[in-house]
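Listed below are the residues making up each chain.
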Amino acid sequence: MKALLKTWAGALALAALLSPIAAGAQSSENGVSTFLNNLFAPKSGTPQQQAAPGPGGAPPWSGEDGASGHPLMTASAIREAAANFNNCVAGMWTDAARRGISQESFQKFTAGLSPDLRIMDLMDSQPEFTKAIWDYLDILVNDNRMAKGREILAKYKREFDAVEKAYGVDRYIIASIWGIESNYSTQIGDRSVLNSTATLACIGRRQKYFKDEFLVALEILHRGDLTPEQLRGSWAGAFGPTQFMPTAFKRYAVDADGDGRRDVVDNPYDLIASTANNLKKDGWQSGATWGYEIVIPKGFNFMLADRSKVMTLAQWDHLGVKRAGGKPYPNPNDKAYLLAPAGAEAPGFLMLQNFRVIMKYNPAEAYALAIGHFADRLRGGAPFIQPWPRQERVLSRAERLELQQLLAQRGFYKGTPDGQFGGETRNALRSFQASIGAPADGFASADVLERLRGR
């Protein structure tokens, strides 16, 4: 999923979710997605009861109920679970033994663990403001990062050559993930993965999920692939320069240099090969790109801009959806879906299979777009051709909540308003836009909010 801490540690301490935990490789309850989406997102409300400061002097737990409203995220439930933390950890010995972890290792690696309750705020925080996709891309795809990426590609050319030959995964995508996830190993995260996953396995609303992550972290340490000092990362347990969750490490990490350890933290060969193996097993298509920038024609039916609406590039072209810059598609029979992340007055994209693979790494479309675009820039490609609608103001959380409430009042939205936009909100917004004769692009602009208000 994925951490950019150290120089961004203060900002990340205010983090919330950009998207749900990935069903596949990584966890997006951490890291780059969270950091950028919630850069200016302090938790609202006045702290009531303070706990001890978190790691490295980080802010303590607020002592408040979690914003999700989950019964296990109430302040009283958190305190009760924290008081039982040692018993909870000890109770996982039987499961650890079934995984081949020795009692000696279990006692050694669990000694001194203590609940990091600040994680409860990070798990349940909600952003007051989100970042526009163009701001997100500006921060992640910049000249300094591209220069560093080219240095990495040159420095580890031998390793990239070998991995590209063995796995068929584009080196520029791997270098892009490395750069965006950790700014090339300079911002990996400073929390103990074992302590974080133990906290989440015993406290809060995702205990079953994180119990598995905790036990796998123990497996990693018992096997000797990594040391406790290396196993440090984000609050949700992602670690290393390309931010593996423990379970993703177990599935995908490889010992590329044959030294007997799968070291995705300090061994560049293992890191590059393991990231490639991850993408390959998730369905990466060798020799193919991730997608194309396209020009959306006037009067386009935006109900077709949906991940489930897949057509060949030739069919999209027949509908008037043309490749930006006028170049032909190398393989017109490739299948793609259309993404319009900022509405009708912004660049659109036709997304191929490899884009879906990137989204298995982290299921946020903005993240996957940044990865693909950064890879193209490292390869020598140009910036996007069309301008973003930078004049558009990003809605605050209160405005996003109001928009959902107004859509519900008009019968378009059937969910529970929560200020977080997903597919259900976009579909409801499209239906409203169509009802007033506006382009049904599902883009939550300040103007569409005013239309909903009847102004």
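Overview of the structure. Predicted model, so just to flag it, every value in this text is computed and none were measured.

Reading guide: rules and limits
Residues numbered from 1 in each chain as written. Predicted model: local features only at pLDDT ≥ 70, side-chain atom pairs only at ≥ 80, totals over all residues. Heavy atoms only, no water. Pairing = 2+ DSSP bridges. Helix = DSSP H or I, 4+ residues; strand = E, 2+ residues; numbered from the N terminus. 1 Å grid on protein atoms, 1.4 Å probe; cavity = no way out; pocket = protein on both sides within 12 Å on 5 of 7 lines; lining within 4 Å. Points joined across faces, edges and corners; volume = space filled by probe spheres on them. Nonpolar A, V, L, I, M, F, W, Y, C, P; charged D, E, K, R; others polar. Core = buried A, V, L, I, M, F, W, Y, C linked by side-chain atoms within 4.5 Å. Buried < 20%, exposed > 50% of the residue type's maximum accessible area, 1.4 Å probe, protein only. Contact = heavy atoms within 4.5 Å. Polar contact = N/O pair within 3.5 Å; in protein donor to acceptor, adjacent residues only side chain to side chain. Salt bridge = Lys/Arg side-chain N within 4 Å of Asp/Glu carboxyl O. Arc of directions from axis to C-beta. Disulfide = S-S within 2.5 Å.

1. With respect to the sheet that holds strand β7 (residues 348-351)
The strand order across the open sheet formed by five strands is β4-β6-β7-β3-β5, and the pairing between neighbours is antiparallel. Strand pairing shows two members of the sheet lacking a second neighbour, β4 (311-312) and β5 (322-323), which therefore form its edges.

2. What about the layout of surface pockets?
Empty space within the second largest pocket amounts to approximately 480 Å³. Among the secondary structure elements, those contributing two or more residues to the lining of the second largest pocket are β3 (291-295) and α18 (365-378). The element that contributes the greatest number of residues to the lining of the second largest pocket is β3, accounting for three residues. Looking at the lining of the second largest pocket residue by residue, the class counts come to seven nonpolar, five polar and five charged.

3. What to know about the nonpolar core
In terms of nonpolar packing, the biggest core is built from 53 residues, with Phe160, Phe355, Tyr367, Leu369 and Trp388 touching the most fellow members. Sort the elements by how many residues they give to this core and α18 lands first, with nine residues. Apart from residues lying up to four places away in sequence, Phe160 is in contact with Ile152, Leu153, Arg171, Ile174, Ala175, Trp178 and Ile272. Listed in part, the 48 residues of the second largest apolar core include Ile101, Leu113, Met120 and Val216.

4. Considering the side chain of Asn267
With respect to the helices, strands and loops of the structure, Asn267 is situated in the loop between α14 (246-252) and α15 (268-281). In terms of polar contacts, Asn267 uses its side chain to reach the side chain of Asp257, at 2.7 Å. Among all residues touching Asn267, those that are not within four sequence positions of it are Asp257 and Asp259.

5. Some remarks on the pattern of salt bridges
Applying the stated criterion to the full structure yields 25 salt bridges. A salt bridge links Arg98 to Asp95; the nearest nitrogen and oxygen atoms lie 2.7 Å apart. Here Asp95 and Arg98 lie together in helix α5 (residues 93-98), a separation of three residues that amounts to about one turn. Look at Arg98 and you get exposed, because its relative accessible area is 66%. Arg171 is the partner of Glu164 in a salt bridge, and the nearest nitrogen-oxygen pair spans 2.9 Å. Judged by its relative accessible area of 27%, Glu164 is partly exposed. Take Arg171: its relative accessible area is 14%, and that puts it in the buried class. Taken together, the shared-partner salt bridges connect Arg99, Asp212, Glu219 and Lys250 into one network.

6. Section: the pairing of β7
The alternating pattern of β7 places Gly348 and Leu350 and Phe349 and Met351 on opposite faces, both of which are buried. For β3 and β7, the ladder comprises four bridges, and the chain directions are antiparallel. Of the residues in β7, the one forming a bridge with Tyr292 is Leu350. When strand β6 (residues 335-339) meets β7, the two strands line up antiparallel, connected through three bridges. Along β7, the bridge assignment pairs Leu339 with Phe349.

7. Focus: helix α6 (residues 103-110)
Three or more residues of α6 are buried, namely Ser105, Phe106, Phe109 and Thr110. Buried positions in α6, seen along its axis, are confined to an arc of 105 degrees and lie on one side of it. Of the residues in α6, the exposed ones pointing more than 90 degrees away from the buried face are Glu104 and Lys108. Looking at the packing, one finds that the buried side of α6 touches α4 (85-90), α5, α12 (193-202) and α13 (207-223).

8. Considering the state of the cysteines
In total, this model carries one disulfide according to the counting rule given. The side chain of Cys88 participates in a disulfide bridge whose partner is Cys202; the two sulfur atoms lie 2.1 Å from each other. On the sign convention where negative is left-handed, the bridge of Cys88 and Cys202, at about -90 degrees about the S-S bond, is left-handed. With Cys88 in helix α4 and Cys202 in helix α12, the pair connects residues that are 114 residues apart, well separated along the chain. Judged by relative accessible area, Cys88 falls into the partly exposed class, the value being 21%.

9. Digging into the pairing of β6
Most of β6 sits inside the fold, with four of its five residues counted as buried. Of the strand pairs in this sheet, β4 and β6 are connected by two bridges, and their pairing is antiparallel. Directly across from Met311, in β6, lies its bridge partner Ala336.

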